Amino acid sequence: MLQPKTDKLETTYPMSPIGTIRSCFSTRNGTPRQPLIVPLARARLTFDASLVPPASLEGLEEYSHCWIIYVFHLNTDLDKLWKNPSRSKLKAKVRVPRLKGEKMGLFATRSPHRPCPIGLTVAKVESVQESSILLSGVDLVDGTPVLDIKPYLPYCDSIHGANVPHWVKMDDLLAVASVDFSDDFLSTLIGCWPAVDKKSLYTSPEEFQMLVKQVLSWDIRSVSQRTQVEENYEKIKNEQVYEDDGHDIIYHLNLEGLDVAYRITSYSNVLVENVTVSSK
Ligand SMILES: C[S@@+](CC[C@H](N)C(=O)[O-])C[C@H]1O[C@@H](n2cnc3c(N)ncnc32)[C@H](O)[C@@H]1O
């Protein structure tokens with residue numbers, strides 16, 4: 001039997017990814033904070049053929065959803081954490097977007113920054129091919145390494161009457177009031193489309209535009225971006241100067257290799273202004 005490698009300081013288990021995610025989210029910023037809130041968020045999970053024979057996927061297509069267990073491989077502190085776990089200082093409390101940046105104990109949250117940076121998500125199974133699965137509703141960044149998948153079983157995975165803290169129930173807190181597009185957004189997008197068309201998870205510029213709308217229906221800005229802007233609004237209010245826009249802050253969302261530029265007003269209206277082929 002395979003034994004964990006043990007030495008004086010630590011025990012490690014030799015687990016390696018069984019597959020990799022190709023997701024519509026090119027960067028962490030803009031990736032939904034939880035699964036299923038952006039139904040059009042698509043990803044393809046492709047399995048490592050040397051570890052996963054195609055027959056192991058047989059029957060999965062009969063489930064509507066599956067759990068995905070993965071590594072938060074883009075956390076910026078991984079090097080420190082893995083090279084010297086006892087020295088890498090774990091933040092016991094983390095800022096919570098729904099609490100406007102107030103702190104909460106790490107294990108009372110779904111923060112990616114954990115002593116063992118493993119993520120857990122659920123996704124809709126769209127289709128199963130020989131060595132890959134097309135998923136939707138994902139909150140995964142492109143390139144995410146996957147450790148395991150399991151079918152979602154409503155009879156035991158869904159807990160009727162489960163309790164959560166009050167702040168978790170505040171669903172609308174991060175919803176924006178509206179998402180509108182500039183007059184020439186779609187024509188510009190159609191112009192960019194040939195650059196991404198062949199490898200895209202979307203069939204047309206119109207479908208991609210719907211994805212942008214769904215993603216931006218939630219305030220995806222970081223806690224610090226939002227606080228900074230809110231402080232500015234307060235200043236303006238106190239100086240009794242009336243302005244209705246987010247000043248000149250242009251935010252960027254990177255989806256499918258396209259850079260989408262947008263503004264957000266003090267009343268949480270989003271205006272999507274432009275799209276270009278990303279240079280990254
Ligand atoms: C709040 S976490 C929750 C993830 C998962 N549903 C969970 O509960 O474990 C979701 C965020 O993790 C980040 N994320 C997603 N995939 C990642 C990856 N491979 N590496 C690092 N961060 C990632 C994105 O910024 C996303 O908004």
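Since the structure is predicted, the reported quantities are computational estimates derived from the model, not experimental observations.

Procedures and definitions
- Residues numbered from 1 in each chain as written.
- Predicted model: local features only at pLDDT ≥ 70, side-chain atom pairs only at ≥ 80, totals over all residues.
- Heavy atoms only, no water.
- Near = heavy atom within 4 Å.
- Polar contact = N/O pair within 3.5 Å; in protein donor to acceptor, adjacent residues only side chain to side chain.
- Areas by Shrake-Rupley, 256 points an atom, 1.4 Å probe, with all protein chains shown as cover.
- Pairing = 2+ DSSP bridges.
- Helix = DSSP H or I, 4+ residues; strand = E, 2+ residues; numbered from the N terminus.
- Core = buried A, V, L, I, M, F, W, Y, C linked by side-chain atoms within 4.5 Å.
- Buried < 20%, exposed > 50% of the residue type's maximum accessible area, 1.4 Å probe, protein only.
- Contact = heavy atoms within 4.5 Å.

A.B. asks: Account for the site of the ligand, with residues named and values stated.
C.D. replies: The environment of the ligand is formed by 21 residues, the closest being T31, H73, R110, D139 and T144. Here an oxygen atom of the ligand sits 2.9 Å away from a polar atom, N or O, in the main chain of P32. At a separation of 3.0 Å, a nitrogen atom of the ligand approaches a polar side-chain atom of Q34. Across the complex, the protein chains shield 91% of the 600 Å² of accessible surface that the ligand would expose by itself.

A.B. asks: For the pairing of strand β8 (residues 118–128), give the residues involved together with the corresponding values.
C.D. replies: Sheet analysis places strand β5 (residues 65–71) next to β8, joined by seven bridges and oriented antiparallel. When the bridges of β8 are listed, H65 appears paired with K124. Across four bridges, β8 lies against strand β9 (residues 132–136) in antiparallel orientation. Bridge pairing links S127 to L134 in β9. Between β8 and the antiparallel strand that follows it, β9, lie three residues.

A.B. asks: Mind laying out the nonpolar core, listing which residues take part and the relevant values?
C.D. replies: Within the largest apolar cluster, 53 residues are counted, with the highest numbers of intra-cluster contacts made by I68, L135, F208, L211, L216 and V272. Among the elements that make up this core, the one with the highest residue count is helix α4 (residues 205–216) (five residues). Residues contacting L211, with those up to four places away along its chain left out, are C24, V38, L40, A41, Y202 and L255.

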